[in-house]
Amino acid sequence: MNWQTIIAGGIGIIAFWYIIGVFLRQLKKPEVDPKCDDCPVPDIMDNKRESK
Amino acid sequence: MRTHFFDKKSIDSTNHPWVALLGNPNCGKTAIFNILSGLSQKVSNYPGITVEKKIGTVKFGKKSFNILDLPGTYSLSAESFDEQIVSDQVQNWAKGENPPAAIISVVDASNLSRNLYLTSQLLDLDIPVIVALNMIDRIDSQAQIDQNSLKTQLSVAAVVLLSAKLNQGLDDLKEAIVTVINSEEKTNHQSNWISLPVQNELKPFIDQQFVSSKFGVAHALRLVSRNINHNGNAAQVDSIRNSISNLGFNPQTLEATLRYRWIDEIVKSVQSRAKTSIRKISRSEQWDKILTHRWFGPIIFVTVLYFIFQSIFTWATIPMDWIQTGIDWVSAFVLKNMFPGMLRDVLVEGIIGGVGAIVIFLPQILILSLFLTIMEDTGYMARVAFMLDKSMTKMGLHGKSILPLMSGYACAIPGIMSTRTIDSWKERLITILILPLMSCSARLPVYTLLISAFIPPITLSGYLNLQGLTLVVMYFLGTATALILAKVFSKFIKEKTSSSFVLELPPYHVPIPRSVLRHVLIRGKLFLINAGKIIMAISIVLWFLASFPKVDQSITDVNPIHYSYAGKIGHAIEPVIRPLGFDWKIGIGLLTSFAAREVMVSTMATIYNVEATGDNIVNLREAMRSDVDVKTGMPVYTPLVALALMVFYVFAAQCMATFAIVRQETNSWKWPLFMIAYLTILAYLGALFVYQGGLLLGFS
């Protein structure tokens, strides 16, 4: 196995885990307003639940 | 240091004092917040942009403080979700729960009386208030405001004149904030707007939890005015309402009557020419006579939209060619300077081929974003909402739905979040459900790839470019279907809530180039970096799936990609999508593009690059045009297949982030799963109708 194969394999594994991570993160905490730089996840539903 | 989550823990953890920004919608709070904190929250020229709390840190000399931006509200009587955020927050402060060191009440100086209504409610809290008179550049020289007199009469900590647009007066505001934070003077605002007899009537309703008795009285009045039963004692509410009526007041409008009586006296004394300036017909009103005209208004709107979509094609051609040349150069450079091997193949066929196929669409994304930002910043978008209110209501929507729906042309996620301004849950839910049908910028690469490859660039009737027209039709198809479905959903979603539509039409502005440029660059950055990361990762993984297992080519004539993992998955899906005219490659694209719609293009590019035998990176358009079915000898992709695929993407559910945000906003999985189901069925049936219908009519 030459060095290109080893590096390519490493890149492939990182890419695979990155995709899995993105999907899992989306399920736990969705992407926020993409129009802003680094907005917080809104907490309105938590407030609603608390008020109920 | 930046803090982005507003909660007690995060505020305390910074050890900085903090202040809150409050004001009416569209008075420039977020513009002030951005300048003070250096953040880039979205600002625009229509009400309801900020729908959640945001916090940043401000440095002034050696002093630092945190600043909280809240959604705009006209008063503390909440009518919608975003206003409820403010109302709840203020009530917590009134109970002594983590109150700010000061409140900055942002006031539109050109509309003093109405803006001071909220200020007068905030004064009841007995928290130091700084009145920031924004948009001072709009005040004509004859209607100047006496800031010292205003400060004395409101008995606030400071009145600061500023213009966020011209970046004037912000240092004065920071200085005033630091002075208030350092001061240990106890606040006791003289907001004597409520008469003693009325106060006495309200006594049984005053919540003892409130630290400030004035806020307690005002809160009790709001409950009584809105006929809200306190501790279930309806009879007592009726009795107090009768007593207030006997004092000569209407209980429903009592708070507004008393406060405005007080405010009008103040405004009269601090701004002598205010009434004269209000009577003048402004330039914005003159423009509105044409732009919101019953007949001319919609014609102008449609013309503007058509111009935008045509421009996306015509203006982007040259920069797209530059990017393509750059990608070819990078690919040639890697091929020339690296030894053959797996890493070189991943780089050229996977990363450069896949990501490069998407990057060339950046100019079109930027042009679309430029036009949408200009429409918002000029104030035209608010007029569109006003014009379409009647039609929206007929379709089971709300006038306020149009702004989230128009945001959906850029991206569904901010659109879904901005539905919080809609106070009726039913109308809000319907808007959320149809929002993914508005063609977002992620679909643009798919549309433009297929249009430029398969729709001839001919001109109809001398001025209608067929490629631009096809793009308009795709946008129109999504929008029209969204409105029809809104009507259908409104029949099935049973909820007896309705709401009125009150939208303040902001004056027309010439957009600030710096602000427009920042929006466009943010959109470009999001496309390149946020979407780019997942596109690159998928392209790499797909390259492996399309390249393995390796097949001995000496024993077969068929391209080895057909035996690869990707090929096997694609061929397994093919029978389901064959009736739509789609082959296995498109099948793979449909799967991968669930991460993001534009991944469809990079997927096709990666597959063609792996399939190609030569060293050079393939031109995706040419590769798709010249692809021939080995069994039939016929082209795999035809204009009819391209149309069917575009229609599929008009309706398709392919966007995971959208469904994640819908789950969050509806607080259940029921609605996102319903959306995925109905959009997928719609996409399938739409593409089937186009392809099979086209075949029946003799098209290929």
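Residues numbered from 1 in each chain as written. Chains lettered and ligands numbered in written order. Predicted model: local features only at pLDDT ≥ 70, side-chain atom pairs only at ≥ 80, totals over all residues.

A.B. asks: Would you take a moment to explain the overall build of chain B for this structure?
C.D. replies: A count of helical and extended segments in chain B gives 29 helices and eight strands. The buried share of chain B, taken over its 700 residues, is 50%. Here the contacts in chain B between residues at least 6 apart in sequence split such that 72% fall between residues at least 24 apart. (Helix = DSSP H or I, 4+ residues; strand = E, 2+ residues; numbered from the N terminus. Buried ≥ 20, exposed ≤ 12 C-beta atoms within 10 Å, placed from the backbone. Contact = placed C-beta atoms within 7 Å.)

A.B. asks: Can you walk me through the overall build of chain A in this structure?
C.D. replies: When helices and strands are counted, chain A shows two helices and zero strands. Residues classed as buried in chain A amount to 25% of the 52 residues present.

A.B. asks: Sorry, what's going on with unusual backbone geometry here?
C.D. replies: Negative phi is the rule for most residues except glycine; trans is the rule for most peptide bonds. All names here are of chain B. Here the bond from Phe548 into Pro549 is cis, since omega is -5°, no more than 30 degrees from zero. Position of Pro549 relative to the elements: it lies in the loop between helix H22 (513-547) and helix H23 (565-577). Located in the positive-phi region is Asn26, a residue other than glycine, with phi close to 60°. If you trace the backbone, Asn26 turns up in the loop between strand S1 (18-23) and helix H2 (29-37). Within the chain, Asp126 stands out as a residue other than glycine whose phi angle is a positive 60°. For Asp126, the position within the fold is in the loop between helix H4 (112-123) and strand S5 (129-134).

A.B. asks: Help me understand the confidence of the model for chain B, please; the structure alone is not making it clear to me.
C.D. replies: Parts of the model with low pLDDT should not have their predicted coordinates read in detail. Of the residues in chain B, 89% have a pLDDT of 70 or more, and the chain-wide mean is 83. Among the scores for the predicted complex, ipTM is 0.71 and pTM is 0.74. (pLDDT = per-residue confidence, 0-100.)

A.B. asks: Is there a simple way to explain the nonpolar core in this structure?
C.D. replies: If you look at soluble globular proteins, the nonpolar side chains tend to sit buried side by side. Residues and elements named next belong to chain B. Counting residues in each nonpolar core, the largest one holds 140 residues, and the members touching the most others are Val346, Leu450, Ala644, Leu645, Met646, Phe648 and Ala687. Per-element accounting of this core gives the leading share, 15 residues, to H22. Residue-level mapping places this core at the junction of two domains, with at least three residues from each of domain 2 (296-492) and domain 3 (533-696). Filtering out sequence-adjacent residues up to four positions away, Ala687 remains in contact with Leu580, Ala644, Leu645, Val647 and Phe648. Judged by nonpolar contacts, the second largest core, of 75 residues, contains Trp18, Cys27, Val159 and Leu173. (Core = buried A, V, L, I, M, F, W, Y, C linked by C-beta atoms within 7 Å. Domains from an automatic or database assignment.)

A.B. asks: What is the right way to look at the environment of Ala20(B) in this model?
C.D. replies: Residues and elements named next belong to chain B. One can find Ala20 in strand S1. With 25 C-beta atoms packed within 10 Å, Ala20 lands in the buried category. As a C-alpha pair, Ala20 and Phe33 span 13 residues in sequence and 9.9 Å in three-dimensional space. Not counting residues up to four positions away in its chain, the partners in contact with Ala20 are Leu68, Leu70, Pro100, Ile103 and Ile104.

A.B. asks: Would you mind showing me how to read the domain arrangement of chain B here?
C.D. replies: Many structure descriptions define interface size as the accessible area lost when the parts assemble. We note that the domain assignment places domain 1 (8-182), domain 2 (296-492) and domain 3 (533-696) within chain B. Computed over C-alpha atoms, the centres of domain 1 of chain B and domain 3 of chain B are 50 Å apart.

A.B. asks: Got a minute to help me understand the pairing of strand S3 (residues 63-69) of chain B in this structure?
C.D. replies: Working note: regular strand, side chains alternate between the two faces of the sheet. Residue and element names in this part refer to chain B. Counting buried positions along S3 gives five out of seven residues, so the element sits mostly inside the fold. Relative to S3, S1 runs parallel, the two being bridged by four bridges. Counterpart to Val19 in the pairing with S3 is Ile67. Here seven bridges tie strand S2 (residues 54-60) to S3, and the two strands are oriented antiparallel to one another. Residue Thr57 lies in a different strand from S3, and its bridge partner there is Asn66. (Pairing = 2+ DSSP bridges.)

A.B. asks: Please clarify how the sheet that holds S5(B) should be interpreted in this entry.
C.D. replies: Strand pairing in a sheet is mediated by backbone hydrogen bonds. Such pairs are either parallel or antiparallel. Residue and element names in this part refer to chain B. Here we have six strands laid out as an open sheet, ordered S2-S3-S1-S4-S5-S6, and mixed in their pairing. Here the strands that pair on one side only, and so sit at the sheet edges, are S2 and strand S6 (158-161). Looking at each pair of strands side by side, their axes are set apart by 25° on average, direction ignored. The sheet contact formed by S1 and strand S4 (residues 102-108) spans five bridges and is parallel. Counted as the bridge partner of Ala20 is Ile103 from S4. Those strands touched by H2 are S1, S2, S3, S4 and S5, and its axis lies near 155° from that of S3. The strands touched by helix H5 (residues 147-154) within the sheet are S5 and S6, with S6 carrying the most contacts at an inclination of about 150°. (Axes fitted to C-alpha atoms, helices over the stretch in contact; angles between N-to-C directions.)

A.B. asks: Is there a simple way to explain helix H24 (residues 584-592) of chain B in this structure?
C.D. replies: Working note: α-helix, 3.6 residues per turn, so residues spaced by three or four point in the same direction. Residues and elements named next belong to chain B. Counting buried positions over the nine residues of H24 gives eight, a clear majority of the element. The complete set of buried residues in H24 reads Trp584, Lys585, Ile586, Gly587, Ile588, Gly589, Leu590 and Thr592. Looking at the buried residues of H24, the elements they touch are H22, H23, helix H25 (599-611) and helix H27 (639-651).

A.B. asks: Hey, could you run me through the packing of H22(B) against H25(B) in this one?
C.D. replies: Describing two packed helices takes the angle between their axes plus the distance from one axis to the other. Residues and elements named next belong to chain B. Where H22 contacts H25, the two axes come as close as 9 Å, and the packing angle between them is 35°. For H22 against H25, the interelement crossing comes out right-handed. Of the residues in H25, those touching H22 at Ile535, Ile538, Ser539, Leu542, Trp543, Ala546 and Ser547 are Val599, Ser602, Thr603, Thr606, Ile607 and Val610. Its residues placed into classes, the contact of H22 with H25 shows eight nonpolar, five polar and no charged. (Left-handed = near helix turned anticlockwise from the far one by under 90°. Nonpolar A, V, L, I, M, F, W, Y, C, P; charged D, E, K, R; others polar.)

A.B. asks: Got a minute to help me understand the confidence of the model for chain A in this structure?
C.D. replies: Summing up the model confidence of chain A, the mean pLDDT is 67 and the portion of residues at 70 or higher is 52%. The low-confidence segment residues 31-49 of chain A (pLDDT under 50) makes 43 contacts with residues lying over four places distant or belonging to another chain.

A.B. asks: For this particular structure, what's the right way to read the packing of helix H13 (residues 296-337) of chain B against helix H15 (residues 362-378) of chain B?
C.D. replies: All names here are of chain B. At a minimum axis separation of 7 Å, H13 and H15 run at an interaxial angle of 145°. Where H13 crosses over H15, the two elements pack in a sense that is right-handed. Here H13 contributes Ile308, Ser311, Ile312, Trp315, Ala316, Pro319, Met320 and Ile323 to the contact with H15, which in turn contributes Leu362, Pro363, Gln364, Ile367, Leu368 and Phe371. Here the contact of H13 with H15 is built from residues that sort into twelve nonpolar, two polar and no charged.

A.B. asks: Looking at this model, I keep getting lost on helix H28 (residues 656-666) of chain B. Mind explaining?
C.D. replies: Most of H28(B) sits inside the fold, with eleven of its eleven residues counted as buried. Taken residue by residue, H28(B) has Met656(B), Ala657(B), Thr658(B), Phe659(B), Ala660(B), Ile661(B), Val662(B), Arg663(B), Gln664(B), Glu665(B) and Thr666(B) as its buried positions.

A.B. asks: What's the story with the environment of Ile374(B) in this structure? I'm lost.
C.D. replies: All names here are of chain B. Relative to the assigned elements, Ile374 resides in helix H15. The exposure class of Ile374 is partly exposed, given the 17 C-beta atoms found within 10 Å. For the pair Ile374 and Lys151, spaced 223 residues apart in sequence, the C-alpha to C-alpha distance is 37 Å. If we skip the residues at most four places from it in the chain, Ile374 touches Pro511 and Val516.

A.B. asks: Got a minute to help me understand the environment of Met342(B) in this structure?
C.D. replies: Inspection of the secondary structure assignment puts Met342(B) in helix H14 (residues 342-359). According to the C-beta neighbour criterion, Met342(B) is buried, with 21 such atoms within 10 Å. Aside from chain neighbours lying at most four places away, what touches Met342(B) is Gln4(A), Thr5(A) and Ala8(A).

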